[in-house]
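The chain contents come next:
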Amino acid sequence: MISLSRFLKERRRRITFKVSLALLLTTSLLAFLTPANLLPLLAIGVTIVFIYVAGFEQLVPLTKYFLLFIIPLSIASILLQVIVGAIDFALIVTNFTKIYILYTASLIAMKSFSSIELVSFFRKLKFKPLIAVLLALKLTYYSASIFTDLVSVYKVNVGYLGKKGFLCRVMLLVMQIKAFVQLFTVKALEVGEAMYTRYKKFVG
Amino acid sequence: MNAINVSGLSVSIDSNMVLKEFSFSVREGEVALVTGPSGSGKTTLLKVLSGIIPNIYTNFSITGSVRVFDLSPWQATEKGLVAYVPQDIYTFFLGSRVCEELELLRLPPNGFVHHCDKFLEELSDGMLYKFLTYTVTNSSAKLLLLDEPASHLDMETLTNVLELLRATAQEKRITVVVADHNIEGVMGYFDAIIELDKEVERHKNFDTFTPRGFKEYGVQEFNAYATNLKINLGRRTLFKRLNFAVSKGGVFGVFGRNGTGKTTLLKVLAGLIPYESGELHVEKPIFYIPQKPLYWFSTGSVREELSLYLKLFGRRLKEEDVLGMFILQHLADRNPYTLSVGEARRLAMALAYIASPKLLLFDEPFLGLDRESEEVFAELLESVKEGYGSVIVASHNRILAKYVDNYLELSPSGE
């Protein structure tokens with residue numbers, strides 16, 4: 001018998017670039033225009049679209065990352081309201097539902113946009129600083145992989161020093177940050193070299 | 001017609017001479033090799049030919065004449081005639097996926113339709129160079145500058161890549177300049193060899209090269225062993241039942257072509273990637289010298305980096321001794337991120353020596369190393385063996401076989 005997750009996985013669909021763009025814009029507008037009592041319905045609707053494009057199994061990571069993102073905000077918000085002297089839980093819930101809707105709509109867009117379509121879209125808009133955008137995207141992509149690699153190397157080679165105490169952990173963190181900054185600069189220069197030597201006439 | 005004409009070229013930075021009174025020429029459609037020891041200026045020469053030095057890196061001073069297609073290098077680059085591929089080939093591309101790059105360059109996906117949605121990192125090395133050649137030949141580039149491609153490729157892939165470059169050069173009249181060293185066995189693929197030499201005071205000092213750190217640990221039979229180890233990478237099973245043991249004081253080799261899982265195995269041993277099933281025992285502390293990233297240093301100079309590690313690991317070695325052991329004395333005040341590949345590897349070896357691990361994991365030890373640095377590597381292995389530590393080296397280069405006591409040959413089928 002076919003499992004529910006397999007059933008949903010097989011029925012996962014890809015929505016077109018235009019539809020996902022329209023969905024992102026509409027949802028963003030609705031998040032601010034919809035009355036508070038109808039916001040949960042909008043949140044459910046966005047969640048269903050998310051399951052449709054990403055698959056049911058992606059719902060757990062979505063919730064996990066959203067909670068990681070929202071918990072510090074919740075604490076800060078409650079503390080602020082305590083200081084002001086008027087706790088309004090309804091306001092907090094409404095705001096967080098809006099954030100959830102925007103967050104999920106962005107994820108849907110990220111799942112649906114292909115980078116090729118993005119490049120074409122920018123071209124059609126005759127968006128001149130395209131090369132800067134691409135450079136920024138490339139560097140963001142590199143930053144993530146560089147940081148992961150660096151943390152791995154330091155974890156193996158000097159990681160156990162971090163167990164010796166707080167000061168050692170701070171020292172280790174400073175080492176990683178310094179290494180990341182230097183390596184990031186080198187990669188930025190290399191990408192810049194490629195940009196100047198090859199892409200100047202193709203983009204922008 | 002000559003594609004490149006260099007006459008009396010001298011390049012210096014901060015009063016350090018990188019290239020001195022250097023002259024050569026390369027004709028259109030030729031495949032040339034620029035070779036020389038680590039730090040001899042191979043990368044600098046390529047960056048001069050592409051105009052990056054001194055137009056982006058303005059702190060270099062240049063004398064002499066450099067003409068690329070009868071233009072200044074920067075003019076040739078601005079006209080799109082030059083394609084410079086850095087050591088990290090992935091930084092050559094702005095797109096992350098195959099078709100994204102093609103869309104950027106407005107090229108049809110001929111021959112790459114099946115790879116369209118693949119990330120560039122997912123392409124095999126052979127396919128990556130095929131893609132690179134396709135993008136270059138279909139753009140206006142007439143000069144392709146490749147910085148150290150051989151160090152990442154196994155011999156079979158390297159041969160295929162050089163055959164591809166040669167055929168492309170002849171068919172499309174593209175000039176190819178490869179900067180590399182130690183690619184014996186494939187010299188026949190090059191029409192011209194340009195040798196760089198560097199007269200630098202570089203004296204090895206092995207007198208003080210004693211394996212003090214390694215002797216601090218007691219003798220055990222094995223520093224690492226695996227029994228029926230199963231390793232998956234994503235959905236792919238890399239190894240089904242892997243068995244090996246690395247004796248205390250032993251040097252163990254992991255050999256295989258690109259993509260057979262050598263790096264993954266080292267990462268599993270380092271505890272960075274989990275394994276599926278089986279038994280794995282690894283003595284700690286471990287020191288891991290990865291193939292990527294090549295640079296993972298955190299201070300502003302080679303001397304400071306050594307000093308930091310001496311402090312971190314509480315070693316009472318003298319900085320000057322370590323600098324001498326690893327032929328780094330002339331580089332002591334250089335920023336580690338400005339070192340050549342070979343020099344950066346020597347610094348990594350120096351840090352490993354200071355750390356005195358029970359198990360040293362070394363990914364592609366010969367990456368960028370010249371003959372002199374290979375001697376340093378051999379001495380390092382000897383000192384580790386004498387001190388009852390163990391070394392596991394992973395490489396596509398079978399020349400390393402002479403340094404190991406035992407080895408594992410990995411096949412693409414995961415056997």
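As the structure is a computational prediction, the values presented were derived from the model and not from experiment.

1. Here's the deal with the overall build of chain B
Line of reasoning, step 1. For chain B, the helix and strand inventory stands at 11 helices and 16 strands.
Line of reasoning, step 2. Relative to the 2.2 N^0.38 estimate, which gives 22 Å for 415 residues, the radius of gyration of chain B is 22 Å and therefore close to what a compact globule would have.
Line of reasoning, step 3. Principal-axis analysis of the C-alpha atoms places the extent of chain B at approximately 65 × 50 × 35 Å.
Line of reasoning, step 4. Here chain B holds 415 residues, and 60% of them are scored as buried.

2. A closer look at the sheet that holds strand β4 (residues 60-68) of chain B
Residue and element names in this part refer to chain B.
Line of reasoning, step 1. Strand order in the open sheet made by the three strands is β2-β1-β4, with antiparallel pairing throughout. With one partner strand each, in any of the chains shown, β2 (16-27) and β4 form the two edges of the open sheet. Across the sheet, the axes of successive neighbouring strands diverge by a mean angle of 5°, strand direction being ignored.
Line of reasoning, step 2. Strand direction decides the pairing type here: strand β1 (residues 2-13) and β4, joined by eight bridges, are antiparallel. Within β4, the residue paired with S10 across the bridge is T63.
Line of reasoning, step 3. Helix α1 (residues 42-49) contacts β1, β2 and β4 of the sheet and is inclined by roughly 120° relative to β1.

3. Things to note about the nonpolar core
Line of reasoning, step 1. Grouped together as the largest cluster of nonpolar side chains are 114 residues, with contacts concentrated most on Y309, F326 and F377 of chain B.
Line of reasoning, step 2. Residue contributions to this core peak at 11 residues, all from helix α10 (residues 341-355) of chain B.
Line of reasoning, step 3. Setting aside residues no more than four positions away along its own chain, Y309 of chain B makes contact with Y154, V158 and M175 of chain A together with F287, W296, L351 and I354 of chain B.
Line of reasoning, step 4. If you look at the next biggest cluster of nonpolar residues, it comprises 36 residues, including L9, I52, I53 and V68 of chain B.

4. A look at the state of the cysteines
Residue and element names in this part refer to chain B.
Line of reasoning, step 1. Scanning the entire structure with this criterion turns up one disulfide over all chains.
Line of reasoning, step 2. There is a disulfide in this structure between C99 and C116, and the S-S distance comes to 1.7 Å. On the S-S bond that ties C99 to C116, the torsion sits near -115°, and the link is left-handed. With a gap of 17 residues between them, C99 in helix α4 (residues 98-105) and C116 in the loop between α4 and α5 (125-137) connect regions that are remote in the sequence.
Line of reasoning, step 3. You can call C99 buried: its relative accessible area is 8%.

5. Some words on the pairing of strand β8 (residues 192-195) of chain B
Residues and elements named next belong to chain B.
Line of reasoning, step 1. Burial of β8 is one-sided: the residues A192 and I194 facing one way are buried, the residues I193 and E195 facing the other way are not.
Line of reasoning, step 2. As defined by bridge partners, strand β3 (residues 31-35) adjoins β8 across four bridges and the pair is classed as parallel. The residue bridging A32 from the neighbouring strand is A192, located in β8.

6. Considering the interface of chain B and chain A
Line of reasoning, step 1. With 53 residues of chain B in contact, the opposing surface of chain A contributes 42 residues.
Line of reasoning, step 2. Counting each side, the surface lost to burial between chain B and chain A is near 4,500 Å², with a carbon and sulfur contribution of 62%.
Line of reasoning, step 3. Across the salt bridge formed by D88 of chain B and K187 of chain A, the nearest N and O atoms sit 2.7 Å from each other.
Line of reasoning, step 4. Counting across the chain B and chain A interface gives seven residue pairs in polar contact (both at pLDDT 80 or more).
Line of reasoning, step 5. Every element with two or more residues in the side of chain B that touches chain A is listed here: α3 (73-78), β5 (82-85), α4, β13 (286-289) and α8 (302-312) of chain B.
Line of reasoning, step 6. Here the side of chain B that touches chain A gets six residues from one element, more than from any other, and that element is α4 of chain B.
Line of reasoning, step 7. Considered class by class, the residues forming the side of chain B that touches chain A number 31 nonpolar, 12 polar and 10 charged.

7. As for the environment of A132 of chain A
Residues and elements named next belong to chain A.
Line of reasoning, step 1. Topologically, A132 is positioned in helix α7 (residues 130-157).
Line of reasoning, step 2. When its relative accessible area of 44% is taken as the criterion, A132 is described as partly exposed.
Line of reasoning, step 3. As for A132 and M195, which are separated by 63 residues in sequence, their C-alpha atoms are 9.5 Å apart.

8. Describing the sheet that holds strand β9 (residues 222-233) of chain B
All names here are of chain B.
Line of reasoning, step 1. Spatial strand order, β10-β9-β12: three strands in an open sheet with antiparallel pairing. A single partner strand is all that each edge strand has here, and the edge strands are β10 (236-247) and β12 (277-282). When the angles between neighbouring strand axes are averaged without regard to direction, this sheet yields 20°.
Line of reasoning, step 2. Its contacts with the sheet place helix α7 (residues 262-269) against β9, β10 and β12, and it is angled at close to 60° to β10.

9. What to know about the packing of aromatic side chains
Residue and element names in this part refer to chain B.
Line of reasoning, step 1. Enumeration according to the criterion identifies 22 aromatic pairs over all chains in this entry.
Line of reasoning, step 2. Ring plane angle 55° and centroid distance 5.5 Å describe the contact between F22 and F24, whose orientation is recorded as tilted. Accessibility classification places F22 together with F24 in one group, the buried group.
Line of reasoning, step 3. Ring geometry for F297 and Y337: centres 6.3 Å apart, planes at 75°, overall edge-to-face. Of this pair, F297 sits in the loop between β13 and α8 while Y337 sits in the loop between α9 (319-325) and α10; the two residues are 40 residues apart in sequence, bridging distant segments of the chain.
Line of reasoning, step 4. Through a chain of ring-to-ring contacts, the aromatic side chains of F287, Y295, W296, F297, Y309, F313 and Y337 assemble into a single cluster.
Line of reasoning, step 5. Note that R97 overlies the ring of F119, its terminal NZ or CZ placed 4.0 Å from the centroid.

10. A few points about the pattern of salt bridges
Residues and elements named next belong to chain B.
Line of reasoning, step 1. Scanning the entire structure with this criterion turns up nine salt bridges over all chains.
Line of reasoning, step 2. Taking the shortest distance from any N to any O, the salt bridge between E283 and K358 comes out at 3.4 Å. Highlighted residues: E283 in the loop between β12 and β13 and K358 in the loop between α10 and β14 (359-363), separated in sequence by 75 residues. Per residue, the accessibility class of E283 equals that of K358, and both read buried.

11. Observations concerning the confidence of the model for chain A
Line of reasoning, step 1. Across chain A, the average pLDDT comes to 79, with 87% of residues at or above 70.
Line of reasoning, step 2. By mean pLDDT, the top-scoring element of chain A is helix α3 (residues 39-54) of chain A (89), and the lowest-scoring one is helix α1 (residues 4-10) of chain A (51).

Calculation criteria
- All residue numbers refer to positions counted from 1 along the written sequence of the respective chain.
- Each chain is given a letter, starting from A, and each ligand a number, starting from 1, according to the order in which they appear as written.
- Per-residue local features are limited, in this predicted model, to residues with pLDDT of at least 70; the limit for side-chain atom pairs, both in listing and counting, is 80 or more; totals at the level of whole chains, interfaces and linings are taken over all residues.
- Side-chain metrics rest on all non-hydrogen atoms present in the structure, leaving aside hydrogens and water.
- Only runs of H or I of at least four residues qualify as helices and only runs of E of at least two qualify as strands under DSSP, and these elements are numbered from the N terminus.
- Only the C-alpha atoms count toward the radius of gyration. The rule for a globule is 2.2 Å times the residue count to the power 0.38.
- Accessible area is worked out with a 1.4 Å probe on protein chains only. A residue is then buried under 20% of its type maximum, exposed over 50%, and partly exposed in between.
- We treat two strands as partners when DSSP finds at least two bridges between them.
- Only the stretch in contact is used when a helix axis is fitted, and all axes are lines through C-alpha atoms; the angle between N-to-C directions ranges over 0 to 180 degrees.
- In what follows, residue pairs with any heavy atoms lying within 4.5 Å of each other are defined as contacts.
- Note on terminology: a nonpolar core comprises buried Ala, Val, Leu, Ile, Met, Phe, Trp, Tyr and Cys residues joined through side-chain atoms within 4.5 Å.
- Two cysteine sulfurs form what is called a disulfide whenever their separation falls within 2.5 Å.
- Simply put, the buried area is the total loss of 1.4 Å probe accessible area from both parts when two parts are fitted together.
- Any carboxyl oxygen of Asp or Glu within 4 Å of a side-chain nitrogen of Lys or Arg constitutes a salt bridge here.
- Distance and chemistry together define a polar contact, namely a pair of N or O atoms within 3.5 Å, with one atom able to donate a hydrogen and the other to accept it when in protein, and with adjacent residues in sequence counting only for side-chain atoms on both sides.
- Think of it as three bins: nonpolar holds Ala, Val, Leu, Ile, Met, Phe, Trp, Tyr, Cys and Pro, charged holds Asp, Glu, Lys and Arg, and polar takes everything else, Gly as well.
- Any two rings among Phe, Tyr and Trp, with Trp reduced to its six-membered ring, count as a pair given centres within 6.5 Å; such a pair is stacked if its planes are under 30 degrees apart, edge-to-face if over 60, and tilted if neither.
- Think of it as a cone above the ring: NZ of Lys or CZ of Arg counts as a charge over the ring if it is within 6 Å of the ring centre and within 35 degrees of the ring normal.
- Each residue carries a pLDDT value, the predictor's own confidence for that position, ranging from 0 to 100.

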